Amino acid sequence: MGDKYFAKRLKRVKLLVLDFDGVLTDGKVGVMSSGVEFVICDHQDGQGVESLKNGGVKVMVISRQASEYVSA
């Protein structure tokens, strides 16, 4: 199965729904000495999401965690 096969199938995708923690991160949460939590995201994931959006796919990111980094 080559790129043409996947490109053809991808054209049928209209919506991607994914979780944030463990999908766009490695699932780990760091805590600074000030008590502020942080996660590390990969720019390649963001580029992939942006490519999908530019291709007309709607993307929804869900999370049970209410935090500034998820909102961003």
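What comes next concerns the included structure. Keep in mind the model is a prediction, meaning the values are calculated, not measured.

**Here's the deal with the overall build of the chain**
When helices and strands are tallied, the chain shows 3 helices and 4 strands. Moving toward the C terminus, one meets the helices and strands of the chain in the order α-β-β-β-α-β-α. Computed over its C-alpha atoms, the radius of gyration of the chain comes to 15 Å, more than 25% above the 11 Å expected for a compact globule of 72 residues. When the backbone C-alpha atoms are referred to their principal axes, the chain occupies close to 50 × 20 × 15 Å. Within the chain, the fraction of its 72 residues that count as buried is 15%. For the chain, long-range pairs separated by at least 24 residues make up 55% of all intrachain contacts whose partners lie at least 6 apart in sequence. Here the chain has roughly 6100 Å² of accessible surface; of this, 55% comes from carbon and sulfur atoms. Separation of charge centres in the chain, based on 10 positive and 9 negative side chains, amounts to 18 Å.

**A closer look at the environment of glycine 48**
Mapped onto the elements of the fold, glycine 48 is located in helix α2 (residues 43–54). Residues glycine 48 and phenylalanine 20, spaced 28 residues apart in sequence, show a C-alpha to C-alpha distance of 14 Å.

**A closer look at a nonpolar patch on the surface**
Together, Leu15, Val17, Met60 and Ile62 give the surface a local cluster of nonpolar side chains, amounting to about 360 Å² of exposed area. Of all the secondary-structure elements, those providing two or more residues to the nonpolar patch are β1 (15–19) and β4 (58–62). Secondary-structure assignment places isoleucine 62 in strand β4. Classification of isoleucine 62 by relative accessible area gives partly exposed; the value is 43%.

**Points about the side chain of threonine 25**
Structurally, threonine 25 is set in the loop between β1 and β2 (30–31). Relative accessible area serves as the criterion here: at 8%, threonine 25 is assigned to the buried category. For threonine 25, the side chain forms a polar contact with the main-chain nitrogen of glycine 22, separated by 3.0 Å. A distance of 3.0 Å separates the side chain of threonine 25 from the backbone nitrogen of glycine 27, its partner in a polar contact. Excluding residues within four positions of it along the chain, threonine 25 makes contact with Phe20, Val39, Ile40 and Cys41.

Basis of the calculations
Residues numbered from 1 in each chain as written. Predicted model: local features only at pLDDT ≥ 70, side-chain atom pairs only at ≥ 80, totals over all residues. Heavy atoms only, no water. Helix = DSSP H or I, 4+ residues; strand = E, 2+ residues; numbered from the N terminus. Rg over C-alpha atoms; globule rule 2.2 N^0.38 Å. Buried < 20%, exposed > 50% of the residue type's maximum accessible area, 1.4 Å probe, protein only. Contact = heavy atoms within 4.5 Å. Areas by Shrake-Rupley, 256 points an atom, 1.4 Å probe, with all protein chains shown as cover. Lys, Arg positive; Asp, Glu negative; His and termini not counted. Charge placed at Lys NZ, Arg CZ, Asp CG, Glu CD. Patch = residues over 30% accessible without salt bridge, like charges linked within 9 Å, V, L, I, M, F, W, Y side chains within 5 Å. Salt bridge = Lys/Arg side-chain N within 4 Å of Asp/Glu carboxyl O. Polar contact = N/O pair within 3.5 Å; in protein donor to acceptor, adjacent residues only side chain to side chain.

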